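Examining the three-dimensional arrangement
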Amino acid sequence: FSISTGSGCSPLEVEITNNSSGGTYEWFWDDDDLTTPDSTGVPSVFTKTYTNVSGNIDTMQLTLIARNGQGCTDTMQRRVVIYPEVTADYTPVDAIGCNPYEVTFDNLSAYTNTADNSGLSWQWSFGDGLTSNSFEPTHTFLNAGDTTAQFLTTLQAISSYNCRDTITDTVE
């Protein structure tokens, strides 16, 4: 069998193509238990989605056991590496203030379901043409007009594996 990719960021979609012929097939999504298959009777091409919210790299062994009518088996494995998912988040959200409005952002970004943000980098865009790579920047928003101004503020959290998540909110 072949797989479309052997590594990537969670959630990782892997297209699996079974090139085997004849017999029955048992699929195991990880090799920690090869006694009970995770799936049988799947089409020859299908997609499996791997998730990783542990904060650490997960390595799985995708296993196919093919069995013919005489009970003979052949086993094949492919390694799949899933990099941890990242969640971008910050406060204040829906911030409203008077001109000039200075905001210090509290960066809550981390690997999903953890408090760990080690190895992450940041790309802030404040919706006024200015940006920052600081962890928790302070930014002054200026309204040059007579009406309420809205600035779409975006934070992108990026892991060392290039896994990304983005959050956007409005500052008025």
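As a starting point, this report considers the structure included with it. All values reported here derive from a predicted model rather than from experimental measurement.

What follows covers the sheet that holds strand β4 (residues 24-28). Pairing between the strands of a sheet comes from backbone hydrogen bonds, and it takes one of two forms, parallel or antiparallel. The strand order β2-β8-β7-β4-β5 describes an open sheet built from five strands, whose pairing is mixed. Either end of the sheet is taken by a strand with one partner, and the two such strands are β2 (7-9) and β5 (39-40). In the sheet, β4 pairs with β5 via two bridges, with the strands oriented antiparallel. Pairing of E26 across the sheet is with T40, part of β5.

What follows deals with the state of the cysteines. Chemically, a disulfide is nothing more than a covalent bond linking the sulfur atoms of two cysteines. Applying the stated criterion to the full structure yields one disulfide. Disulfide pairing places C9 opposite C163 at an S-S distance of 2.1 Å. Between C9 and C163, the S-S torsion sits near -90°, and that sign places the bridge as left-handed. With C9 in strand β2 and C163 in the loop between β17 (151-158) and β18 (164-171), the pair connects residues that are 154 residues apart, well separated along the chain. Looking at C9, the relative accessible area reads 24%, which means it is partly exposed. Classification of C163 by relative accessible area gives buried; the value is 2%.

Time to look at the packing of aromatic side chains. Within a pair of aromatic rings, the relevant descriptors are the distance that separates the centres and the angle that separates the planes. Under the criterion given, the structure shown has 12 aromatic pairs. Residues Y90 and F105 carry aromatic rings whose centres are separated by 5.5 Å and whose planes lie at 85° to one another, so their mutual orientation is edge-to-face. With a gap of 15 residues between them, Y90 in strand β10 (residues 90-91) and F105 in the loop between β11 (101-104) and β12 (106-107) connect regions that are remote in the sequence. For Y90, a relative accessible area of 1% corresponds to the buried category. For F105, a relative accessible area of 1% corresponds to the buried category. Taken together, Y90, F105, W124, F126, F141 and F151 form an aromatic cluster joined through their ring pairs.

Right, let's get into the sheet that holds strand β6 (residues 45-50). Taken in spatial order, the three strands of this open sheet run β1-β3-β6, and their pairing is antiparallel. In this open sheet, the two strands that pair with only one neighbour each are β1 (2-3) and β6. Sheet topology places β1 next to strand β3 (residues 12-17); two bridges connect them, and they run antiparallel. By the bridge assignment for β3, I3 is matched with I16.

On to the pairing of strand β16 (residues 138-141), then. Burial along β16 is one-sided: H139 and F141 are buried, while T138 and T140, pointing the other way, are not. For β11 and β16, the ladder comprises four bridges, and the chain directions are antiparallel. Across the sheet, the residue bridging to V103 is H139, located in β16.

Before going further, it helps to examine the nonpolar core. Formed by 21 residues in total, the largest nonpolar core has its most connected members in V86, F105, W122, W124, F141 and V171. Taken together, the elements giving at least two residues each to this core come down to β8 (73-83), β11, β14 (121-125) and β17. The contacts of F141, once residues within four sequence positions are left out, are N99, P100, Y101, V103, F105, F126, D128, F151, T153 and V171. In this structure, I16, M60, L64 and A66 belong to the second largest nonpolar core, which totals 15 residues.

For the coordinates displayed, the defined rule picks out one salt bridge. Between R67 and E26 there is a salt bridge, and its shortest N-O distance comes to 3.2 Å. Within this pair, whereas R67 is found in strand β7 (residues 58-67), its partner E26 is found in strand β4, the two being separated by 41 residues in sequence. Its relative accessible area of 32% is what places R67 among the partly exposed residues.

About the cut-offs
Residues numbered from 1 in each chain as written. Predicted model: local features only at pLDDT ≥ 70, side-chain atom pairs only at ≥ 80, totals over all residues. Heavy atoms only, no water. Pairing = 2+ DSSP bridges. Helix = DSSP H or I, 4+ residues; strand = E, 2+ residues; numbered from the N terminus. Disulfide = S-S within 2.5 Å. Buried < 20%, exposed > 50% of the residue type's maximum accessible area, 1.4 Å probe, protein only. Phe/Tyr/Trp six-rings, centres within 6.5 Å; stacked < 30°, edge-to-face > 60°. Core = buried A, V, L, I, M, F, W, Y, C linked by side-chain atoms within 4.5 Å. Contact = heavy atoms within 4.5 Å. Salt bridge = Lys/Arg side-chain N within 4 Å of Asp/Glu carboxyl O.

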